[in-house]
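If you want the building blocks of each chain, they are given just below.
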Amino acid sequence: MDNAKTDANAAKRAAGEAAAALVESGMRLGLGTGSTTAYAIEALGRRVREEGLDIAGVPTSFAAERLARQHGVPLLSLDDLGLDTIAPEAHALDLAMDGADEVSPSFDLTKGRGAAQVREKVVAALAARFVVLIDPSKDVDRLGSRMPIPVEVLPMAEPAVSRSLRGLGAEPTLRMGQSKDGPVVTDQGLWVLDAHFADGIADPEPLATAIDGLPGVLGHGLFIGMTSDVLVGLPDGSVEHRTREEA
Ligand SMILES: O=C(CO)[C@H](O)[C@H](O)COP(=O)(O)O
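Residues numbered from 1 in each chain as written. Predicted model: local features only at pLDDT ≥ 70, side-chain atom pairs only at ≥ 80, totals over all residues.

Applied cut-off: UniProt positions are given in the numbering used here, feature names are shortened, and annotations may be inferred rather than shown by experiment.
Under an unreviewed UniProt entry, the name given to the protein is Ribose-5-phosphate isomerase A, and the source organism is Rubricoccus marinus. The record in UniProt for the protein states the following under Function (unreviewed entry): "Catalyzes the reversible conversion of ribose-5-phosphate to ribulose 5-phosphate." According to UniProt, the comment filed for the protein under the heading Pathway (unreviewed entry) is "Carbohydrate degradation; pentose phosphate pathway; D-ribose 5-phosphate from D-ribulose 5-phosphate (non-oxidative stage): step 1/1."

Here is the structure:
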């Protein structure tokens, strides 16, 4: 493995393990998707086995669900949370942890390289604390400068949504499978348009609202105002913990 990859993996592991260390017995968690959160799920499984940590987590994708099962992390579905007995303004989960593709100075995010952004947003929105785990390559001044914004669409609506995204200043491309011919199909059976912004996004909040309003869009990867903590893992194994108050 080349040095850059080894460094990135060490940084991701540090962030993942720091996230697992924030967890206390009795907590209900959101379990994110991606290579950084995978280290957190692995560490949580170890704590369940070795310390008898009593937790359960809602997975944000088939991938997260499989990983949690593999590492012995007990799982919950939204049905198990008893949401009908919890006030709408109260939090059903104590802490959700997840990776990100971009983090802005004001803690807004781009997510969805793994095409799990919609379930990830549903789960993060239920949590009292949303902890984002990154390596330093994810820090950006402007969202959209490092990664396109994933937009999950109904297949029949793709041409209409593409046209609307062009109207919002993006160049959309349909995400194609790597080990499959044709488009990537999400856990919901839908497609993903990657909306590229040549100069990044000057003002993400109105853009997020505009994309949410397009007919045929299930959701997108801009996460505005949701993050409470960012854990930045570094290649030497240390972790910088940023909290929203500092942002
Ligand atoms: O949003 C995501 C999946 O939909 C991931 O959390 C994001 O892509 C970060 O992944 P990684 O930790 O592998 O860099």
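**Concerning the environment of Val-151**
Spelled out, the test is: Strands here mean DSSP runs of E at least two residues long; helices mean DSSP runs of H or I at least four residues long; both are numbered from the N terminus. In this description, any two residues whose backbone-derived C-beta atoms lie within 7 Å of each other are considered to be in contact.
As for its placement among the helices and strands, Val-151 is situated in strand 7 (residues 149–153). Between the C-alpha atoms of Val-151 and Leu-174, which are 23 residues apart in sequence, the distance is 9.6 Å. Apart from the residues within four sequence positions on either side, Val-151 is in contact with Val-161, Leu-165, Val-192, Leu-193, Ala-195, Ile-211, Val-217 and His-220.

**Quick notes on the site of the ligand**
Inclusion rule: Nearness between a residue and a molecule or strand is assessed with a C-beta atom placed from the backbone; a distance within 6 Å qualifies. Each residue is assigned to one of three groups, with Ala, Val, Leu, Ile, Met, Phe, Trp, Tyr, Cys and Pro labelled nonpolar, Asp, Glu, Lys and Arg labelled charged, and all others, Gly among them, labelled polar.
The environment of the ligand is formed by 17 residues, the closest being Gly-34, Thr-36, Gly-99, Arg-113 and Gly-114. Every element with two or more residues in the shell around the ligand is listed here: helix 2 (35–51), strand 3 (93–99) and helix 4 (117–125). When the residues that make up the shell around the ligand are grouped by side-chain class, the tally is 3 nonpolar, 9 polar and 5 charged.

**Things to note about the domain arrangement of the protein**
Applied cut-off: By convention here, the domain bounds are inherited from an automatic or database domain assignment.
Along its sequence, the protein is organised into domain 1 (3–140 + 225–235) and domain 2 (149–218). Just the C-alpha atoms count here: the centres of domain 1 and domain 2 sit 24 Å apart. Every contact between the two is made by 10 residues of domain 1 and, on the other side, 10 residues of domain 2. For the side of domain 1 that touches domain 2, the element with the most residues is helix 4, which contributes 3 residues. Broken down by class, the residue content of the side of domain 1 that touches domain 2 amounts to 4 nonpolar, 4 polar and 2 charged.

**A few points about the sheet that holds strand 5 (residues 109–110)**
Worth spelling out the cut-off: Pairing between strands requires that DSSP locate at least two bridges from one strand to the other.
Spatial ordering of the open sheet is given by 4-5-11, a layout of 3 strands whose pairing is antiparallel. Either end of the sheet is taken by a strand with one partner, and the two such strands are strand 4 (102–103) and strand 11 (222–223). Judged from the 2 bridges that link them, strand 5 and strand 11 form a sheet pairing that is antiparallel. Its bridge partner lying in strand 11, Leu-109 is registered against Phe-223.

**As for the packing of helix 2 against helix 3 (residues 62–71)**
The test is simple: Helix axes use the C-alpha atoms of the stretch in contact, all axes being lines fitted to C-alpha atoms, and the angles between their N-to-C directions lie in the range 0 to 180 degrees. By the definition adopted for this analysis, an angle is roughly parallel if under 35 degrees, roughly antiparallel if over 145, roughly perpendicular if from 65 to 115, and oblique otherwise. Left-handed is the label given to a crossing in which the near helix is rotated counterclockwise from the far helix by less than a right angle, and right-handed is the label when the rotation is clockwise.
Where helix 2 meets helix 3, the axes come as close as 8 Å, and the angle between the chain directions of the two elements is 30 degrees. Put simply, helix 2 runs roughly parallel to helix 3. Once helix 2 is placed against helix 3, the crossing between them reads as right-handed. Of the residues in helix 3, those in contact with Ala-38, Ile-41, Glu-42 and Gly-45 of helix 2 are Leu-67, Ala-68 and His-71. Considering only residue class, the contact of helix 2 with helix 3 consists of 4 nonpolar, 2 polar and 1 charged.

**Notes on the sheet that holds strand 1 (residues 28–31)**
Across the sheet, 6 strands lie side by side as 2-1-3-6-12-13; this open sheet has mixed pairing. Each edge of the open sheet carries a strand with a single partner, namely strand 2 (56–59) and strand 13 (239–243). In this sheet, adjacent strand axes meet at a mean angle of 20 degrees when their direction is disregarded. Pairing between strand 6 (residues 127–134) and strand 12 (residues 229–233): 4 bridges, direction parallel. Note that in strand 12 the partner of Val-132 across the bridge is Val-230. Contacting strand 1 and strand 2, helix 3 runs over the sheet at an angle of about 150 degrees to strand 2. Along the sheet face, helix 4 touches strand 1, strand 2, strand 3 and strand 6 and points at about 150 degrees away from the line of strand 3.

**Here's the deal with the nonpolar core**
Generally speaking, nonpolar side chains in soluble globular proteins are found buried as a group. The criterion, for reference: We define a nonpolar core as a collection of buried residues of the types Ala, Val, Leu, Ile, Met, Phe, Trp, Tyr and Cys that are connected via C-beta atoms lying within 7 Å of each other. Here exposure depends only on C-beta density: within 10 Å of a residue's C-beta, 20 or more other C-beta atoms make it buried, 12 or fewer make it exposed, and intermediate numbers make it partly exposed, the C-beta atoms being placed from the backbone.
Core analysis: the largest hydrophobic core is formed by 64 residues, its most contacted members being Ala-15, Ala-19, Ala-40, Ala-96, Val-132, Leu-133 and Val-151. Counting contributing residues per domain, this core is built from domain 1 (3–140 + 225–235) and domain 2 (149–218), each supplying no fewer than three.

**With respect to the packing of helix 1 (residues 3–21) against helix 2**
At a closest axis distance of 7 Å, the pairing of helix 1 and helix 2 adopts a crossing angle of 45 degrees. Compared by their axis directions, helix 1 and helix 2 come out oblique. Between helix 1 and helix 2 lies a crossing of right-handed hand. The segment helix 1 lies against helix 2, with Lys-12, Arg-13, Ala-15, Gly-16, Glu-17, Ala-19 and Ala-20 engaging Ser-35, Thr-36, Thr-37, Ala-38, Tyr-39, Ala-40, Ala-43, Leu-44 and Arg-47. A per-class count over the contact of helix 1 with helix 2 returns 8 nonpolar, 4 polar and 4 charged.

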